[in-house]
Amino acid sequence: MKTSHRVLAAAAIGLLFVSCQTAPYTGRKQFMLISAATEAQMGAQAYQEVKTKSTLVQSGPQYDQMIRVGKRIAAVADEPDFEWEFSLIKDDKTANAFCLPGGKIAVYTGILPITQSDEGLAVVLGHEIGHAVEHHGAERVTQQTGADLALGVADQFLTGGTSGTTHSLVMSALGAGAQFGVLLPFSRTQESEADHVGLILMTKAGYPPEEAAAFWKRMTAKAGAGAPPEFLSDHPSDEKRIAAIEGWIPEVKSQYSPIGTSRTDDPSLRRGKKSNGR
Ligand SMILES: [Zn+2]
């Protein structure tokens, strides 16, 4: 091999070394050029934009529920560098939720009739936090802009230099949902990974993982009824998805149920609190 070739090969290997990572929990190999720190910065900036364009609910039972469930899952997510934030967006017509990189969560009031309970919301937040924990935002920005452009686009976005389609594309790639004009569903692999990690997180937080299958069945029924929730445009659901979730439940329960529970279905956890017997 010529020296110049050797240098090129070494450079290519070096690039692969910094850009190939292993997804937590699932061990999948990921290719992304954006660091976790840059990704989190992009998430924080995108979140700011979402918040300024939205009407936020800042008190009341729905807000309290989001904080209660969100903090419980965040507490077991094992992400010390995340700066968690939770926003409830007043929009009864939008059935959606997302978690941007770095732990920036938004829930639209329109999804609450489908989540129905703390346990149902835990399914959605577990799944969305799963996307953030697995760095799907950085991965998608890399995939969408192309490896040679990813860093430049990230930089441009952070300095406020993106506009139009590129801006919408980055917002969507980070996970801000279909509201930004570009419909960009997560890949099947990423969806399935977020389902799996979400199931683990909700279980670690003490919620019954069986609720995940029940939630996706309600979602699918809602889609069949004619007006598919926005959540489904980002998260296409079918029997295969539900079957995969049901398949993971026994192992997730035995491995991740909180210590001190029987590691079986403990009905007291369904209320989110242990009864003190009074
Ligand atoms: Zn998803």
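Coordinates for the structure precede this section.
Summary of the structure given here.

The rules we used
Residues numbered from 1 in each chain as written. Predicted model: local features only at pLDDT ≥ 70, side-chain atom pairs only at ≥ 80, totals over all residues. Heavy atoms only, no water. Salt bridge = Lys/Arg side-chain N within 4 Å of Asp/Glu carboxyl O. Helix = DSSP H or I, 4+ residues; strand = E, 2+ residues; numbered from the N terminus. Buried < 20%, exposed > 50% of the residue type's maximum accessible area, 1.4 Å probe, protein only. Pairing = 2+ DSSP bridges. Phe/Tyr/Trp six-rings, centres within 6.5 Å; stacked < 30°, edge-to-face > 60°. Lys NZ or Arg CZ within 6 Å of the ring centre and 35° of its normal. Axes fitted to C-alpha atoms, helices over the stretch in contact; angles between N-to-C directions. Parallel < 35°, antiparallel > 145°, perpendicular 65-115°, else oblique. Contact = heavy atoms within 4.5 Å. Nonpolar A, V, L, I, M, F, W, Y, C, P; charged D, E, K, R; others polar.

As for the pattern of salt bridges
Okay, step 1: A complete count under the given rule lists 11 salt bridges for this structure.
Okay, step 2: We note a salt bridge from Asp92 to Lys90, for which the minimum N-O separation is 3.1 Å.
Okay, step 3: Between Glu191 and Arg241 there is a salt bridge, and its shortest N-O distance comes to 2.5 Å. Residue Glu191 is found in helix 9 (residues 188–204), and its partner Arg241 is found in helix 12 (residues 239–256); the two are separated by 50 residues along the sequence.
Okay, step 4: The exposure class of Glu191 is buried, given its relative accessible area of 5%.
Okay, step 5: Residue classification places Arg241 among the buried residues on the basis of a relative accessible area of 7%.
Okay, step 6: Taken together, the shared-partner salt bridges connect Arg28, Glu139 and Glu193 into one network.

What about the sheet that holds strand 6 (residues 104–108)?
Okay, step 1: Strand order in the open sheet formed by four strands is 3-4-6-5, and the pairing between neighbours is mixed. This sheet does not close on itself; its edge strands, each paired only once, are strand 3 (56–57) and strand 5 (97–100).
Okay, step 2: Bridge count between strand 3 and strand 4 (residues 85–89): two bridges; the pairing is antiparallel. Considered in strand 4, the bridge of Leu56 is made with Ile89.

Let's talk about the pairing of strand 6
Okay, step 1: In terms of burial, strand 6 is a largely internal element, five of the five residues being buried.
Okay, step 2: In strand 6, alternate side chains face the same way, and those of Lys104, Ala106 and Tyr108 on one face and Ile105 and Val107 on the other are all buried.
Okay, step 3: Relative to strand 6, strand 4 runs parallel, the two sharing five bridges. What sits directly across from Ser87, in strand 6, is Ala106.
Okay, step 4: Summarising the sheet, strand 5 and strand 6 pair through four bridges and their orientation is antiparallel. By the bridge assignment, Cys99 is partnered in strand 6 with Ile105.
Okay, step 5: Hairpin remark: strand 5 followed by strand 6, antiparallel, with three residues in the connecting loop; positive phi at Gly102, about 90°.

Things to note about the packing of aromatic side chains
Okay, step 1: Applying the stated criterion across every chain, the model contains six aromatic pairs.
Okay, step 2: Here the aromatic rings of Trp216 and Phe231 are separated by 5.6 Å at their centres, their planes lie at 25°, and the arrangement is stacked. With Trp216 in helix 10 (residues 210–224) and Phe231 in helix 11 (residues 230–234), this residue pair connects regions lying 15 residues apart in the sequence. Comparing Trp216 with Phe231, the two get one shared label, buried.
Okay, step 3: One aromatic cluster in this structure is built from Phe215, Trp216 and Phe231.
Okay, step 4: Positioned over the ring face of Phe186 is Arg140, at 3.6 Å from the centre of the ring.
Okay, step 5: Its end group placed over the ring of Trp216, Arg241 keeps NZ or CZ at 3.9 Å from the ring centre.

What to know about the packing of helix 2 (residues 36–52) against helix 8 (residues 164–174)
Okay, step 1: Packing of helix 2 against helix 8 brings their axes to within 10 Å, and their N-to-C directions diverge by 110°. Relative to helix 8, the element helix 2 lies roughly perpendicular. Within the contact between the two elements, helix 2 uses Met42, Gly43, Ala46, Glu49 and Val50 and helix 8 uses His167, Val170, Met171 and Leu174.
Okay, step 2: Residues of the contact of helix 2 with helix 8, tallied by class, amount to six nonpolar, two polar and one charged.

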